Amino acid sequence: MKIISINAGSSSLKFTLFEMDNEEVISSGVFERIGIEGSKYTIKYNGEKIEQEIELKDHTDAVKVLLEKLIDLNIIKSLDEIGGVGHRLVHGKDKYSKSVIITDEVIEDLENFRKFAPLHNPANVLGIKAFKEALGDVAMVGVFDTAFHQTMEKEAYLYPVPYKWYEEYGVRKYGFHGTSHRYIASSVKQILGREDFKLISCHIGNGGSICAIDNMKCVDTSMGFTPLAGIMMGTRSGDIDPSIIPYVMEKEGKNASEVVEDLNKVSGLLGLSEYSSDMRDILEKIDNQDEKALLAKKKYVRRVVDYIAQYYVLLGGVDVICFTAGVGENSVPVRKEICEALACLGVKIDLELNNKRGELVKLSTDDSKILVYVIPTDEELMIARDTMNLIQNR
Ligand code: ADP
């Protein structure tokens with residue numbers, strides 16, 4: 001069966017077409033600048049990359065072009081080959097704890113939850129509607145970023161604020177990157193051949209979150225009510241004292257939204273280094289003895305270590321720590337420093353193996369008390385797997 005995984009943003013649409021018999025990627029690509037001048041698509045197939053500028057008025061246009069191209073390029077012979085479409089959905093609030101077949105009710109909920117993910121949920125709905133228009137009755141599945149974290153207990157997901165904020169306004173920790181953390185947990189299950197392990201999954205990319213997992217279930221996670229919380233990220237601050245917000249509002253004559261925008265867009269690595277949000281640039285600057293870049297990296301590492309330490313205690317010890325996403329999969333010095341800071345927990349890694357990038361590797365030495373792995377994440381595959389399972393078990 002062939003399944004398409006879709007990740008629709010406000011002006012982009014990424015796709016991956018899988019042959020699920022062997023979980024092979026047949027084709028992938030992205031439609032960019034949808035509804036904006038200069039729109040284009042990139043389609044990868046058979047080791048080739050096809051790029052073309054083309055007018056794309058909206059997501060429906062993008063999906064039409066995508067399906068036409070899949071046939072024109074002989075990637076599929078007919079649309080009937082597509083057994084299902086899986087959509088990455090960002091926010092399912094506390095209603096969705098699992099992936100679901102997309103019905104009118106799901107679409108309505110996404111629209112109703114738009115306040116909780118104003119950039120993402122409307123874009124997700126556009127993606128769903130565009131495929132519905134193009135493929136009619138083909139089964140579609142929604143895979144929520146928030147779903148995996150629904151197993152958290154109240155004392156983990158509630159903030160110590162007036163209870164009414166939770167009851168009446170939905171103020172609570174939702175957590176994000178759930179599909180990635182779930183993929184990491186299922187990969188560890190495959191590696192260890194069992195599921196009764198305690199895992200700390202470190203998804204550290206441009207955005208980043210840490211997740212404490214016990215027996216395949218999320219116990220706690222670092223992102224919160226929004227993806228601004230938790231560890232320091234490329235441009236996001238992560239956790240800060242909220243009183244900073246009114247103080248800076250007064251100092252800079254800004255309103256609350258503007259200061260929150262600064263916390264989202266010009267903080268984190270970018271804010272402290274005053275140079276870049278990209279860890280590669282930061283490491284290069286450090287080679288040139290740049291003090292702010294060095295400080296940014298140190299703070300970044302410290303935030304990750306803080307969360308790992310916290311979750312080590314919460315879980316009552318840990319069997320496995322995993323690194324994934326851009327920094328986790330590729331940044332050799334960041335992994336090394338995080339693991340060095342965890343030496344007191346008995347973490348030991350092989351520095352030779354740590355030089356590898358972007359591949360599955362066991363970093364921990366035989367005498368390490370905790371297994372340490374790098375596992376490249378694959379949210380698209382997780383979405384395709386959920387889609388196939390739900391379609392087959394309907
Ligand atoms: P996103 O959260 O946008 O999906 P990614 O997971 O792709 O982000 O991570 C992007 C980040 O990964 C970049 O900003 C960069 O800091 C980091 N990164 C990617 N490759 C490397 C590398 N070779 N060395 C260090 N950092 C890297």
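Heads up: the structure comes first, above all this text.
All figures in this text were calculated on a predicted structure; none of them were measured in a lab.

A. Representation of the pattern of salt bridges in the model. Evaluation of the coordinates by the stated rule reveals 23 salt bridges. Here the salt bridges do not stand alone but share partners, grouping Lys2, Glu19 and Glu81 into one network.

B. Quick peek at the pairing of strand E5 (residues 48-53). Little of E5 sits inside the fold, with zero of its six residues counted as buried. Here strand E4 (residues 40-45) pairs with E5 via six bridges, running antiparallel. Its bridge partner being in E5, Tyr41 is matched across the sheet by Gln52. Where E4 hands over to E5, the hairpin turn is made up of two residues, of which Asn46 adopts a positive phi near 55 degrees.

C. Representation of the environment of Ala309. Relative to the assigned elements, Ala309 resides in helix H11 (residues 291-315). Distance from Ala309 to Lys173, taken between C-alpha atoms, is 20 Å for residues 136 residues apart in sequence.

D. The site of the ligand, seen in detail. Taken together, Gly205, Asn206, Gly207, Asp278, Met279, Arg280, Ala325, Gly326, Val327, Asn330, Ser331 and Arg357 form the complete shell of residues around the ligand. In the model, an oxygen atom of the ligand is placed 2.9 Å from a nitrogen or oxygen of the Gly326 main chain. Measuring from an oxygen atom of the ligand, one finds a backbone N or O atom of Val327 at 3.3 Å. Protein contact buries 68% of the 580 Å² of open area that the ligand shows by itself. Take the shell around the ligand: its biggest share by element is four residues, from helix H12 (residues 325-330). Of the residues that constitute the shell around the ligand, the class distribution is three nonpolar, six polar and three charged.

E. The arrangement of the nonpolar core in detail. Counting 45 residues, the largest nonpolar core has Ile200, Ile204, Ile210, Tyr300, Ile321, Phe323 and Ile338 as its most contacted members. Those elements that provide at least two residues to this core are strand E9 (198-204), strand E10 (208-214), helix H10 (279-287), H11, strand E12 (320-324), helix H13 (332-341) and strand E14 (371-374). Not counting the four nearest positions on each side in its chain, Phe323 is found in contact with Cys202, Ile204, Gly328, Arg335, Ile338, Cys339, Leu363, Val372, Tyr373, Val374 and Ile375. Residues Val63, Leu67, Ile76 and Leu89 belong to the second largest nonpolar core, which totals 38 residues.

F. Inspection of the side chain of Gln150 at higher detail. Its location among the elements puts Gln150 in the loop between strand E8 (140-144) and helix H4 (154-157). By relative accessible area, Gln150 is classed as buried at 18%. Those residues in contact with Gln150 that lie beyond four places of it in its chain are Lys93, Asp94, Tyr96, Ser97 and Arg172.

About the thresholds
- Residues numbered from 1 in each chain as written.
- Predicted model: local features only at pLDDT ≥ 70, side-chain atom pairs only at ≥ 80, totals over all residues.
- Heavy atoms only, no water.
- Salt bridge = Lys/Arg side-chain N within 4 Å of Asp/Glu carboxyl O.
- Buried < 20%, exposed > 50% of the residue type's maximum accessible area, 1.4 Å probe, protein only.
- Helix = DSSP H or I, 4+ residues; strand = E, 2+ residues; numbered from the N terminus.
- Pairing = 2+ DSSP bridges.
- Near = heavy atom within 4 Å.
- Polar contact = N/O pair within 3.5 Å; in protein donor to acceptor, adjacent residues only side chain to side chain.
- Areas by Shrake-Rupley, 256 points an atom, 1.4 Å probe, with all protein chains shown as cover.
- Nonpolar A, V, L, I, M, F, W, Y, C, P; charged D, E, K, R; others polar.
- Core = buried A, V, L, I, M, F, W, Y, C linked by side-chain atoms within 4.5 Å.
- Contact = heavy atoms within 4.5 Å.

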